[in-house]
Amino acid sequence: MTDKLIIFDTTLRDGEQSPGASMTKEEKIRIARQLEKLGVDVIEAGFAAASPGDADAIQSIAKIIEHSTVCSLARANERDVRAAGEAIKPAKSGRIHTFIATSPIHMEKKLRMTPDQVVENAVKAVKLALEYTDDVEFSAEDAVRSEMDFLVRIFDAVIQAGAKTLNVPDTVGYSIPALWGERIKQLIERVPNSAKVVWSTHCHNDLGMAVANSLAAVMNGARQVECTINGLGERAGNASLEEIVMAVKTRRDVFTCDSRIDTTQIVPTSKLVSSITGYPVQPNKAIVGANAFAHESGIHQDGVLKHRETYEIMRAEDVGWTTNKLTLGKLSGRNAFRTRLQELGIVLAGEEALNAAFARFKDLADRKSEIFDEDLQALVNEEVVTHISEHYRLVSMRAHSETGELPSARVVLSVGGQERSAEMQGGGPVDATFKAIEQIVQSGTELLLYSVNNITSGTDAQGEVTVRLAKGGRIVNGQGADTDIVVASAKSYLNALNKLDTEGERAHPQV
Ligand code: KIV
Ligand code: ZN
């Protein structure tokens, strides 16, 4: 008998809590559509009380998603629960996920509440959430450091109040698999009416055991796993969706449950999340890393050629790895372009956006003979990016490097519609370009990260650049792609500056 394993994806909420990974509404919608295509059961679309922008993004996602439940997080207080309830109202299937901390250290030092008050708030929040939806989830934050008797008490109380899913989080990534499995088992045994609810787990990766702990929970009765694409998330991240799903699918001899994920959508989803958030995937990452299916040693290659299963436990194509598909070329027309975008599940906001993206495609096709799906994704990212806010826009630039000479760059920007230019020297052309931009904008930001990845292979490939900037406690990531990586660098820097300019203040759910 195979049970259903519910996949609860929190890339848009916990994932977005990774430094600089904040996303615009349009970006969140693109990811939500892809998560639906992937087949996740629940999309945690955000934390509605964080800001009006977050509530709006959740509401927009709730309006368009048809085959996944759309969920908002809410602390266990009236304001948060009402904000979550309003945000998920348009959803075909909507959930409120309310939580409160239950460990002695959190209750005493963070919440400054007694255990009785914590139980009272949890019960009130669940009852209020039920006014908006009958699908209410309750989480005991920092369950890993909570006392077992208190967990039994609060879970019993919220079941009586009407919660349908009980989530047991390892908020600080402290557990180890044997202990985590035992904790879930004991809770299921001790909490009255535990068979009437779905038990869930949510593990962080501080000790590198988020996936192992989640799987231990599944082996001991959890039937929902909270996870994120590429393991994105607060600090060291969450359990990675692709690893959980493929472990359960590949080891059917061990697990008595399975998910409804369309595994061939895993790699496209991973690439989309990586390019939108600016968090690259390490090459040796399981399932979605570029080397995950690459056999380097001669012995392995020989074995795989003779019989694939000698060294492969999964098939690359089953998780969505395809060889780069040549899609379009210089002579492709607008219709072919539109059709391929549709096939990739990319929806642009109206004809104007399509025309602009098509113009960029033609420009790229002039410089690059073969255009792959990955190029189209990058191009569309840029199209969405340019619609965020164009306070700073690259008009033109020239970079010069020559052996024995100090590299220099001249940059012309449009700043709020006015053209300004500057020329600077630097350690290399990218350094000189950033200095020239700073000479104009004087942003006073700190550069935390600069990274370049090639989107496809070959020296004419587009380079995708990510920069992370910090200012006044806020951190943003910017992206830019171009066949010229110095131009891509300038675009990514300006994209980050535009994000700093437009993003308002947001509350963090766990602070
Ligand atoms: O890590 C955590 O405890 C959380 C809760 C809000 C579920 O993210
Ligand atoms: Zn978390």
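Look up: the structure comes first, before these words.
Predicted model only: the values in this text are computed from it and were never measured. (Residues numbered from 1 in each chain as written. Chains lettered and ligands numbered in written order. Predicted model: local features only at pLDDT ≥ 70, side-chain atom pairs only at ≥ 80, totals over all residues. Heavy atoms only, no water.)

Participant: Outline the sheet that holds strand β14 (residues 408–415), supporting the account with residue identities and numerical values.
Facilitator: One open sheet accounts for three strands, arranged β13-β14-β15; its pairing is antiparallel. Only two strands of the sheet have a single neighbouring strand rather than two, namely β13 (392–400) and β15 (418–425). Averaged over neighbouring strand pairs, the angle between their axes works out to 15° when direction is ignored. Note: β13 against β14, eight bridges, orientation antiparallel. Note on β14: the bridge partner recorded for Arg398 is Arg410. Relative to β14, helix α15 (residues 429–441) is tilted by about 40°, and along the sheet it contacts β13, β14 and β15. (Pairing = 2+ DSSP bridges. Helix = DSSP H or I, 4+ residues; strand = E, 2+ residues; numbered from the N terminus. Axes fitted to C-alpha atoms, helices over the stretch in contact; angles between N-to-C directions. Contact = heavy atoms within 4.5 Å.)

Participant: Now, about the site of ligand 1: what can you tell me, with residues and values included?
Facilitator: Taken together, Arg13, Asp14, His97, Phe99, Ser139, Glu141, Pro169, Thr171, His202, His204 and Gln510 are the residues near ligand 1. Note that an oxygen atom of ligand 1 is positioned 2.9 Å from one of the side-chain N or O atoms of Arg13. Contact with the protein chains covers 100% of the free accessible surface of ligand 1, which is 260 Å². Mapped by element, the contributors of at least two residues to the shell around ligand 1 are β5 (94–101) and β6 (136–141). Considering only residue class, the shell around ligand 1 consists of two nonpolar, six polar and three charged. (Near = heavy atom within 4 Å. Polar contact = N/O pair within 3.5 Å; in protein donor to acceptor, adjacent residues only side chain to side chain. Areas by Shrake-Rupley, 256 points an atom, 1.4 Å probe, with all protein chains shown as cover. Nonpolar A, V, L, I, M, F, W, Y, C, P; charged D, E, K, R; others polar.)

Participant: Outline the nonpolar core, supporting the account with residue identities and numerical values.
Facilitator: Phe138, Phe155, Leu166 and Leu187 are the most contacted members of the largest nonpolar core, which has 93 residues in total. It is helix α6 (residues 148–161) that contributes the most residues to this core, ten residues altogether. When residues no more than four places from it in sequence are discounted, the contact partners of Phe155 are Phe138, Ala140, Leu166, Asn167, Val168, Leu187, Val191 and Trp199. (Core = buried A, V, L, I, M, F, W, Y, C linked by side-chain atoms within 4.5 Å. Buried < 20%, exposed > 50% of the residue type's maximum accessible area, 1.4 Å probe, protein only.)

Participant: Describe in detail helix α5 (residues 115–129), supporting the description with residues and values.
Facilitator: Between its terminal C-alpha atoms α5 stretches 21 Å, which fits the 21 Å expected from 15 residues at 1.5 Å a residue. Regarding α5, the residues found buried are Val118, Val119, Ala122, Val123, Ala125, Val126, Leu128 and Ala129. If you follow the buried residues of α5, they end up packed against α3 (78–88), β5, α4 (104–111), β6 and α6. (Expected span 1.5 Å × (residues − 1).)

Participant: Requested: an account of the coordination of the zinc ion (ligand 2), with residues and values cited.
Facilitator: The zinc ion (ligand 2) binds to the protein through Asp14 (OD), His202 (NE2) and His204 (NE2), with metal-donor distances spanning 2.0 to 2.2 Å. For the zinc ion (ligand 2), all donor residues lie on one chain, and their spacing in sequence is D-x187-H-x1-H. Taken together, the residues span a long stretch of sequence, with Asp14 in the loop between β2 (6–9) and α1 (25–38) and His204 in the loop between β8 (198–203) and α8 (210–219) at a distance of 190 residues. For the pair shown, Asp14 and His204 are each scored as buried. (Donors = N, O, S within 2.8 Å, 3.2 Å for Na, K, Ca; no water.)

Participant: Pulling in residues and values, what's your account of the sheet that holds strand β7 (residues 165–170)?
Facilitator: Taken together, eight strands build a closed barrel; the order of strands is β2-β3-β4-β5-β6-β7-β8-β9 and the barrel is parallel. Each neighbouring strand pair of the sheet contributes to a mean axis angle of 25°, computed without reference to strand direction. Sheet topology note: the β5/β6 ladder contains six bridges and is parallel. Directly across from Ala101, in β6, lies its bridge partner Glu141. Running at roughly 155° to strand β3 (residues 42–47), helix α2 (residues 52–64) makes contact with β3 and β4 (69–75) of the sheet.

Participant: Explain the packing of aromatic side chains to me, using residue names and the numbers behind them.
Facilitator: Counted by the stated rule, this structure contains seven aromatic pairs. Relative to Phe155, the ring of Phe138 lies with its centre 6.1 Å away and its plane at 80°, an arrangement referred to as edge-to-face. One end of the pair, Phe138, is in strand β6; the other, Phe155, is in helix α6, and 17 residues separate them in sequence. Judged by relative accessible area, Phe155 falls into the buried class, the value being 0%. (Phe/Tyr/Trp six-rings, centres within 6.5 Å; stacked < 30°, edge-to-face > 60°.)

Participant: Could you give me a rundown of the pattern of salt bridges, with the residues and numbers involved?
Facilitator: One pass over the full model with this rule turns up 36 salt bridges. Note that Arg334 and Glu351 form a salt bridge whose closest N and O atoms lie 2.8 Å from each other. Remark: Glu351 occurs in helix α13 (residues 350–367) and Arg334 occurs in helix α12 (residues 334–343); sequence separation between them is 17 residues. Note on Glu351: relative accessible area 42%, which makes it partly exposed. Among the ionic pairs, Asp431 bridges to Lys435, the shortest N-O distance being 2.9 Å. A residue pair is termed a helical-turn pair when its members lie 3 or 4 positions apart in one helix, as Asp431 and Lys435 do in helix α15 at four residues. Overall, the relative accessible area of 31% leaves Asp431 in the partly exposed class. Take Lys435: its relative accessible area is 36%, and that puts it in the partly exposed class. (Salt bridge = Lys/Arg side-chain N within 4 Å of Asp/Glu carboxyl O.)

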